[in-house]
Amino acid sequence: NFDACPSRSCISLTVTVTPATLKEFAVPGQYVQVRQAGKGDSDDNKPLFLAIASPPPAEADEAAGAPSEFEFLIKKTDNNGWITDAGEGLEVEVSQVLGGGFPIKEEIEGLKYDFPTQNVLLFANGSGIAPLRSAIESGQLGTLDGGRSARLYYGVATPSDMPYAERFPAWEKMGIEVVPVISRPEEVDGGWLGRVGYVQTALEEDGVAIPRNTGALMCGVKGMCEGVKDILTRAGTFEGRVLTNF
């Protein structure tokens, strides 16, 4: 358990799970429920729904005996201190892996819509980057062997609120162009020279180059998701290729 960004607004948490639970995780965007162990179904022990931030295990990793672990990115709130402040050794109850995740194979791959997906756009706010990290690092977006281009629009208040910034160079090498979007540039010491405003505003400014050949994955606040979907579908992106994980 460690701080995921300089502002300490999010933490990165690693939980050891059983090999059987790890094997259930196959699609980026899937999630689990996590609650304190030994407290049962009490009112003060309601489970957290956490998207898995680490990528699904590859066969090579399983063969090499990689640890059975899930990584999570959790935004600190007034009522989740039991896990965001947890020390090593805390026992938690983890559900089976839930949800269909991002249906990349069904909607992005192949010619379901008669046009191949040549470009993937990714959109996230804050801790919503967690399932998108899983998708990026899974290799399922096809930016290496599939030859697709990809761009990530990632919105936070200030650069100090941005988890995974240290991973951006590796993502760029994987073919993911990262576009940070800052909503409070006035709070940045020394100023901010990058994009400002909101994720959906940045998309509207850039436009969608080839809508019929574009797919999208997104996770974040409702207003962002609705705005992005509206811009994409009005531009001509197939609605079925605008994917969410919930």
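See the structure printed just above.
Criteria and cut-off values
Residues numbered from 1 in each chain as written. Predicted model: local features only at pLDDT ≥ 70, side-chain atom pairs only at ≥ 80, totals over all residues. Heavy atoms only, no water. Phe/Tyr/Trp six-rings, centres within 6.5 Å; stacked < 30°, edge-to-face > 60°. Helix = DSSP H or I, 4+ residues; strand = E, 2+ residues; numbered from the N terminus. Buried < 20%, exposed > 50% of the residue type's maximum accessible area, 1.4 Å probe, protein only. 1 Å grid on protein atoms, 1.4 Å probe; cavity = no way out; pocket = protein on both sides within 12 Å on 5 of 7 lines; lining within 4 Å. Points joined across faces, edges and corners; volume = space filled by probe spheres on them. Nonpolar A, V, L, I, M, F, W, Y, C, P; charged D, E, K, R; others polar.

Asks: Could you clarify how one ought to interpret the packing of aromatic side chains in this entry?
Replies: For any pair of aromatic rings, the description rests on two quantities: the centre-to-centre distance and the angle between the ring planes. The full count for this structure, using the stated rule, is 9 aromatic pairs. Between Tyr113 and Phe238, the aromatic rings sit 5.0 Å apart at their centres with planes inclined by 20°, giving stacked as the arrangement. With Tyr113 in the loop between helix H4 (104-107) and strand E7 (119-125) and Phe238 in the loop between helix H8 (222-235) and strand E12 (242-244), this residue pair connects regions lying 125 residues apart in the sequence. As far as burial versus exposure is concerned, Tyr113 and Phe238 are alike and both buried.

Asks: Sorry, what's going on with the layout of surface pockets here?
Replies: One way to see where empty space is left: roll a probe the size of a water molecule over the atoms. By volume, the largest pocket is sized at about 870 Å³. Taken together, 32 residues line the largest pocket, and the ones lying closest to its centre are Lys75, Asn125, Gly126, Ser127 and Gly128. Elements with a contribution of two residues or more to the lining of the largest pocket: strand E4 (48-51), strand E5 (69-75), helix H5 (129-138) and strand E8 (149-156). If you tally residues by element for the lining of the largest pocket, the top one is E4, at 4 residues. Of the residues assigned to the lining of the largest pocket, the class counts are 17 nonpolar, 12 polar and 3 charged. By volume, the second largest pocket amounts to about 400 Å³. Lining the second largest pocket are 18 residues, and of these Thr14, Val15, Thr16, Leu90 and Val92 sit closest to its centre. Of all elements in the fold, only strand E2 (10-16) and strand E6 (92-94) reach the threshold of two or more residues within the lining of the second largest pocket.

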